[in-house]
Amino acid sequence: GAAIGKDIPYDLLAATAELSEDELRHGLRRLQTGEFLYELGLFPQPEYTFAHALTLEVAYGGLLRERRHELHTRLVTALEGGGTEPSPERIERLAHHASRAELWEQAVRYGREAGGRAFARSAHRTAVRHFEQALRALAQLPETPETRALAIDLRLDLRYSLSPLGDFGRMLDYLKEAEALAHRADDPRRLGLVSAFLTNLYSVTLELPLASEYGRRATAIGARIGDITVEAPANTFLALAHYGMTEYRAAADLAR
């Protein structure tokens, strides 16, 4: 139960506890009688919660590292075998347990999916937490062209959630890291996108000469590779930079 977390769905506990149903229910009754666990509800399935965070911490802290690893691995298997369309909560659980089990590829995949779902509902702090968890997992994998591309994309994902939070310092750090990775990967499309987003960031922070410089780079890359997904944001953000410099004719031309 401590490996699962504070709230413990019965089906997940049953799938990982290696006990008969009678033993499991007897154990749960004992823990409820001792006021270690409370029952949260019976529908759509029984669910339990730890009465105190300290109980959870002590129980989890008493597990050997190998035992924790084994439990989290079994939890990933149980969650992946659910069969129905995964809910946001289930994806978050998968990301958490895959990371704890050191199943790094799954941790990256589920962490990014959890971040994307959180972003879609404007839960930006939660999205940032999941994207950063995915980045930490990605760092455990060998560097390949695919993982380099994903490392850039995750930093761009972070940019989308850090922007509404107004966390421009962290956004700049991630975009500069993405810029360096795109140069190393010789990836013009991603370099063009990063340059466009840096144009926007420097416009917002009123560093307009830098915004103009990055905007010219981004529009040049977009034109060279003929990719509208680069050209559109590059022209949009460079237009904003020119507008900030009161160069209205250039801004209008770029906007058109």
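Only a predicted model underlies this, so the values are computations on that prediction, with no experimental measurement involved.

What counts, and at which threshold
- Residues numbered from 1 in each chain as written.
- Predicted model: local features only at pLDDT ≥ 70, side-chain atom pairs only at ≥ 80, totals over all residues.
- Heavy atoms only, no water.
- Core = buried A, V, L, I, M, F, W, Y, C linked by side-chain atoms within 4.5 Å.
- Buried < 20%, exposed > 50% of the residue type's maximum accessible area, 1.4 Å probe, protein only.
- Helix = DSSP H or I, 4+ residues; strand = E, 2+ residues; numbered from the N terminus.
- Contact = heavy atoms within 4.5 Å.
- Pairing = 2+ DSSP bridges.
- Axes fitted to C-alpha atoms, helices over the stretch in contact; angles between N-to-C directions.
- Salt bridge = Lys/Arg side-chain N within 4 Å of Asp/Glu carboxyl O.
- Parallel < 35°, antiparallel > 145°, perpendicular 65-115°, else oblique.
- Left-handed = near helix turned anticlockwise from the far one by under 90°.
- Nonpolar A, V, L, I, M, F, W, Y, C, P; charged D, E, K, R; others polar.
- Phe/Tyr/Trp six-rings, centres within 6.5 Å; stacked < 30°, edge-to-face > 60°.
- Lys NZ or Arg CZ within 6 Å of the ring centre and 35° of its normal.

1. Digging into the nonpolar core
Among the nonpolar cores identified, the biggest contains 63 residues, and Ile8, Leu28, Ile152, Leu156, Leu158, Leu175 and Leu198 are the most heavily contacted of them. When residues of this core are assigned to their parent elements, the largest contribution, eight residues, is made by helix H10 (residues 188–204). The contacts of Ile152, once residues within four sequence positions are left out, are Ala178, Leu181, Ala182, Arg190 and Val194.

2. Regarding the sheet that holds strand S3 (residues 47–50)
Overall, antiparallel pairing links the three strands, which are arranged S1-S3-S2 in an open sheet. Every interior strand has two partners, whereas the edge strands, strand S1 (7–9) and strand S2 (37–41), have only one. Within this sheet the neighbouring strands show an average axis-to-axis angle of 30 degrees, counted without direction. Sheet topology places S1 next to S3; three bridges connect them, and they run antiparallel.

3. Thoughts on the pairing of S2
Pairing of S2 with S3, which is carried by four bridges, proceeds in the antiparallel orientation. Bridge pairing links Tyr38 to Thr49 in S3. Counted along the chain from S2 to the antiparallel partner S3, the turn is five residues long.

4. Thoughts on the side chain of Gln133
Within the element layout of this structure, Gln133 appears in helix H7 (residues 124–138). The exposure class assigned to Gln133 is buried, which follows from its relative accessible area of 17%. The contact partners of Gln133, leaving out residues within four places of it in the chain, are Ala95, His96 and Ser99.

5. So, the pattern of salt bridges
Inspection of the entire model under this criterion finds 22 salt bridges. The partner of Arg25 in a salt bridge is Glu21, and the shortest N-O contact between them spans 3.1 Å. Remark: Glu21 and Arg25 occur in helix H2 (residues 21–33); sequence separation between them is four residues, near one turn of the helix. Measuring nitrogen to oxygen at the nearest pair gives 3.1 Å for the salt bridge that ties Arg117 to Glu113. Taken as a pair, Arg117 and Glu113 lie in helix H6 (residues 104–120) at a separation of four residues, close to a single helical turn. Look at Arg117 and you get partly exposed, because its relative accessible area is 25%. On the accessibility criterion, Glu113 (29% relative accessible area) is partly exposed. Connected via shared salt-bridge partners are Glu18, Arg67, Glu70 and Arg74.

6. Things to note about the packing of helix H11 (residues 208–225) against helix H12 (residues 228–244)
The angle between the axes and the distance between the axes are what describe a pair of packed helices. At a closest axis distance of 8 Å, the pairing of H11 and H12 adopts a crossing angle of 155 degrees. Between H11 and H12, the interaxial angle falls into the category roughly antiparallel. Here H11 and H12 pass one another in a crossing that is left-handed. Taking contact as the criterion, the partners of Leu208, Ala211, Ser212, Gly215, Arg216, Ala218, Thr219, Gly222, Ala223 and Ile225 in H11 are, on H12, Val230, Glu231, Ala234, Asn235, Leu238, Ala241 and Gly244. Across the contact of H11 with H12, the residue classes break down as nine nonpolar, six polar and two charged.

7. Overview of the packing of aromatic side chains
One pass over the structure, following the stated rule, counts five aromatic pairs. Arranged with centres 6.2 Å apart and planes meeting at 50 degrees, the rings of Phe197 and Phe237 form a pair that is tilted. You can see Phe197 sitting in helix H10 and its partner Phe237 sitting in helix H12, a full 40 residues away along the chain. Residues Phe197 and Phe237 agree in their burial class; the two are buried. Through pairs of rings, three or more aromatic residues link up here, namely Phe119, Tyr160, Phe197 and Phe237. In this structure, Arg109 is placed above the aromatic ring of Tyr110, and the distance from its NZ or CZ to the ring centre is 4.7 Å. Across the ring face of Tyr214, the terminal group of Arg217 is positioned such that the distance to the ring centre comes to 4.4 Å.

8. A closer look at the side chain of Ser203
Relative to the helices and strands, Ser203 resides in helix H10. The buried category is assigned to Ser203, whose relative accessible area is 11%. Residue contacts for Ser203: discarding those within four places in its chain leaves Leu208, Ala211, Phe237, Leu240 and Ala241.

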